[in-house]
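The residues making up each chain are set out below.
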Amino acid sequence: MLTGIDINATRKYVSKLDPDKDSPSVFHIGVLDPALRAEIDDDSSSYEMSSNNPNDKAKVRLNWNRRQISAIKFGLKGLDNFLDPQTKKPIELSFETIRYAGKMREAVPDRIIAMFSSELRQELAEVILNESKLSEGERKN
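Residues numbered from 1 in each chain as written. Predicted model: local features only at pLDDT ≥ 70, side-chain atom pairs only at ≥ 80, totals over all residues. Heavy atoms only, no water.

## A look at the layout of surface pockets
Argument step 1. Reported here for the largest pocket is a volume of approximately 250 Å³.
Argument step 2. Taken together, 16 residues make up the lining of the largest pocket; nearest its centre are Leu 17, Asp 18, Pro 19, Ser 25 and Phe 82.
Argument step 3. Here the residues of the lining of the largest pocket are counted per class, giving 9 nonpolar, 5 polar and 2 charged.
Argument step 4. Its boundaries defined by the atoms lining it, the second largest pocket holds a volume of some 210 Å³.
Argument step 5. No other element matches strand S7 (residues 103-107), which puts 3 residues into the lining of the second largest pocket.
Argument step 6. Tallied by class, the residues present in the lining of the second largest pocket amount to 6 nonpolar, 3 polar and 5 charged. (1 Å grid on protein atoms, 1.4 Å probe; cavity = no way out; pocket = protein on both sides within 12 Å on 5 of 7 lines; lining within 4 Å. Points joined across faces, edges and corners; volume = space filled by probe spheres on them. Nonpolar A, V, L, I, M, F, W, Y, C, P; charged D, E, K, R; others polar. Helix = DSSP H or I, 4+ residues; strand = E, 2+ residues; numbered from the N terminus.)

## Digging into the pattern of salt bridges
Argument step 1. Summed over all chains, the structure comprises 7 salt bridges.
Argument step 2. A salt bridge links Asp 41 to Arg 37; the shortest N-O distance between them is 3.0 Å. Residue Asp 41 and its partner Arg 37 are located together in helix H1 (residues 34-43), separated by 4 residues, close to a single helical turn.
Argument step 3. Of the residues examined, Asp 41 reaches a relative accessible area of 22% and is grouped as partly exposed. (Salt bridge = Lys/Arg side-chain N within 4 Å of Asp/Glu carboxyl O. Buried < 20%, exposed > 50% of the residue type's maximum accessible area, 1.4 Å probe, protein only.)

Written as structure tokens, this is what we have:
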């Protein structure tokens, strides 16, 4: 019997980049629903196969940075113990509501994502984008 994916579930994640092992920043990672994931993937890539010249090669364009930001914007569901670089105090994560992929959605504001280093954005996006894959144990149940 197959087990479905709970798109409302979240899990806590600590970055491999976090130097504070005693009191790390904790990211609450959620699952992107299929329509949202498709929109993010389609919005961040394009493919052109034909042109007027038969000798032209197919063109693929991948906008990885846009994909990373969108994944974080919709896949990050909470954040604990992350310091604001200006105030040196933990940020209070509040979401904004925006229309994306045909629905009104809760999104992490750009000003918060701008606080993440490029390495952290890459790591978080990878974790979020892989969250909808079932583990070996989940596939067996």
